[in-house]
Amino acid sequence: MTSTKTIGTFSVRPMDPSPGRAGRRSDAELVHEWVTHPRSAFWMMGDARLEDVEREYMAIAAHPHHDAFIGLHDERPAFLMERYDPTEVELKGLYEAEPGDIGMHFLVAPPETPVHGFTRAVITTVMEELFADPQVRRVVVEPDVTNSAVHALNKAVGFEVIREITKPEKQALLSACTREQFEAATTGADR
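> Can you help me understand the overall build of the protein in this one?
In terms of regular secondary structure, the protein is built from five helices and eight strands. What you see for the protein is a C-alpha radius of gyration of 16 Å, in line with the 16 Å of a compact globule of 191 residues. Referenced to the eigenvectors of the C-alpha coordinate spread, the extents of the protein come out at roughly 45 × 40 × 30 Å. Residue pairs in contact within the protein that sit at least 24 positions apart in sequence constitute 60% of those at least 6 positions apart. When the accessible surface of the protein is split by element, carbon and sulfur atoms take 52% of a total near 9900 Å².

See the structure below:
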């Protein structure tokens, strides 16, 4: 799916976690650069080696309930998106699932030059991509309780906090956004 925003065109494609070929940088190399950047501390892979990223995303590619995508801005890699079944991955047994739930993570690449509204355009693109599947009724997320920037972004696109939950790696703020909440929050928004 491609959506045009006032700051450019955004789309997503499946991530290819395999090692790079001669003359071409691999998706894993891109993602490694992104997840180890200091701005990506909440991704919890700051000390990861390239091999760790390759292994992690090969496992995601092989998983029947988890997918990873590279997000493009004007056809250049700019963000990472993960989609998962929260009854099988990340939130299994930690919340009251509803039919049509899908889980999501996203990470914006560290910008060379910051663009006002860019991250909001990214999360909007991610949500549009998820809701393009008619089976999806609600998106659930579990960001770190201290990640106030993501909480503000989530609220801006319609997420409502359900409650705090304890995960093995963090205290998380379980939040959800229905299709209707997303549409109400973004209708007429400058995206």
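The rest of the description comes next.
> Hey, could you run me through the nonpolar core in this one?
Soluble globular proteins tend to pack their nonpolar side chains together in the buried interior. Core analysis: the largest hydrophobic core is formed by 26 residues, its most contacted members being Met 104, Phe 106, Val 122, Val 126, Met 127, Val 139 and Phe 159. At the level of elements, strand E2 (8-14), strand E4 (76-84), strand E5 (101-108), helix H3 (118-131) and strand E6 (138-141) are the ones that each hand at least two residues to this core. For Val 122, the residues in contact, after removing those within four places along its chain, are Phe 10, Phe 79, Phe 106 and Val 108. By size, the runner-up hydrophobic cluster in this structure holds 18 residues, among which are Val 35, Val 53, Ile 60 and Leu 72.

> How should the packing of aromatic side chains be read in this particular structure?
Each aromatic ring pair is summarised here by two numbers: the centre-to-centre distance and the angle between the ring planes. Taken as a whole and assessed by the stated rule, the structure comprises three aromatic pairs. Between the aromatic rings of Phe 10 and Phe 79, the centroid separation amounts to 6.5 Å while the plane-to-plane angle is 40 degrees, which identifies the pairing as tilted. A residue pair is termed long-range when its members are at least 10 positions apart, and Phe 10 in strand E2 and Phe 79 in strand E4 qualify at 69 residues. On the accessibility criterion, Phe 10 (0% relative accessible area) is buried.

> It is not clear to me how the side chain of His 151 should be interpreted in this structure. Could you clarify?
As for its position among the elements, His 151 is in helix H4 (residues 148-156). For His 151, a relative accessible area of 18% puts it in the buried group. Polar side-chain contacts of His 151 include one of 3.0 Å to the backbone oxygen of Asp 144. Discounting chain neighbours no more than four positions away, the residues touching His 151 are Pro 143, Asp 144, Val 145, Thr 146 and Leu 173.

> Hey, could you run me through the pattern of salt bridges in this one?
Side-chain pairing between opposite charges can occur once the charged atoms of the two side chains come close. For the structure on display, the rule yields twelve salt bridges. A salt bridge links Lys 92 to Glu 88; the nearest nitrogen and oxygen atoms lie 3.9 Å apart. Here Arg 163 and Glu 96 are joined by a salt bridge, their closest N and O atoms 3.2 Å apart. Residue Arg 163 is found in strand E7 (residues 160-167), and its partner Glu 96 is found in the loop between E4 and E5; the two are separated by 67 residues along the sequence.

> Help me understand the environment of Glu 160 in this model?
Inspection of the secondary structure puts Glu 160 in strand E7. You can call Glu 160 partly exposed: its relative accessible area is 49%. Glu 160 sits 68 residues away from Lys 92 along the chain, and the two C-alpha atoms are 20 Å apart. Beyond its immediate stretch of four places on either side in the chain, Glu 160 contacts Leu 174, Ser 175, Ala 176 and Gln 181.

> Mind showing me how you'd approach the environment of Glu 88 here?
Mapped onto the elements, Glu 88 comes out in the loop between E4 and E5. Note on Glu 88: relative accessible area 37%, which makes it partly exposed. Along the sequence, Glu 88 and Pro 64 sit 24 residues apart, while their C-alpha atoms lie 9.3 Å from each other.

> Could you clarify how one ought to interpret the packing of helix H1 (residues 27-35) against helix H2 (residues 50-62) in this entry?
The angle between the axes and the distance between the axes are what describe a pair of packed helices. Two elements in contact, H1 and H2, have axes separated by 9 Å at closest approach and are oriented at 115 degrees. Taken together, the axes of H1 and H2 are roughly perpendicular relative to one another. Along this stretch, H1 crosses H2, giving a crossing that reads as right-handed. Here Ala 28, Glu 29, Val 31, His 32 and Val 35 of H1 come into contact with H2, specifically with Leu 50, Val 53, Glu 54 and Tyr 57. Among the residues forming the contact of H1 with H2, the class breakdown is six nonpolar, one polar and two charged.

Reading the values: rules and limits
- Residues numbered from 1 in each chain as written.
- Predicted model: local features only at pLDDT ≥ 70, side-chain atom pairs only at ≥ 80, totals over all residues.
- Heavy atoms only, no water.
- Helix = DSSP H or I, 4+ residues; strand = E, 2+ residues; numbered from the N terminus.
- Rg over C-alpha atoms; globule rule 2.2 N^0.38 Å.
- Contact = heavy atoms within 4.5 Å.
- Areas by Shrake-Rupley, 256 points an atom, 1.4 Å probe, with all protein chains shown as cover.
- Core = buried A, V, L, I, M, F, W, Y, C linked by side-chain atoms within 4.5 Å.
- Buried < 20%, exposed > 50% of the residue type's maximum accessible area, 1.4 Å probe, protein only.
- Phe/Tyr/Trp six-rings, centres within 6.5 Å; stacked < 30°, edge-to-face > 60°.
- Polar contact = N/O pair within 3.5 Å; in protein donor to acceptor, adjacent residues only side chain to side chain.
- Salt bridge = Lys/Arg side-chain N within 4 Å of Asp/Glu carboxyl O.
- Axes fitted to C-alpha atoms, helices over the stretch in contact; angles between N-to-C directions.
- Parallel < 35°, antiparallel > 145°, perpendicular 65-115°, else oblique.
- Left-handed = near helix turned anticlockwise from the far one by under 90°.
- Nonpolar A, V, L, I, M, F, W, Y, C, P; charged D, E, K, R; others polar.

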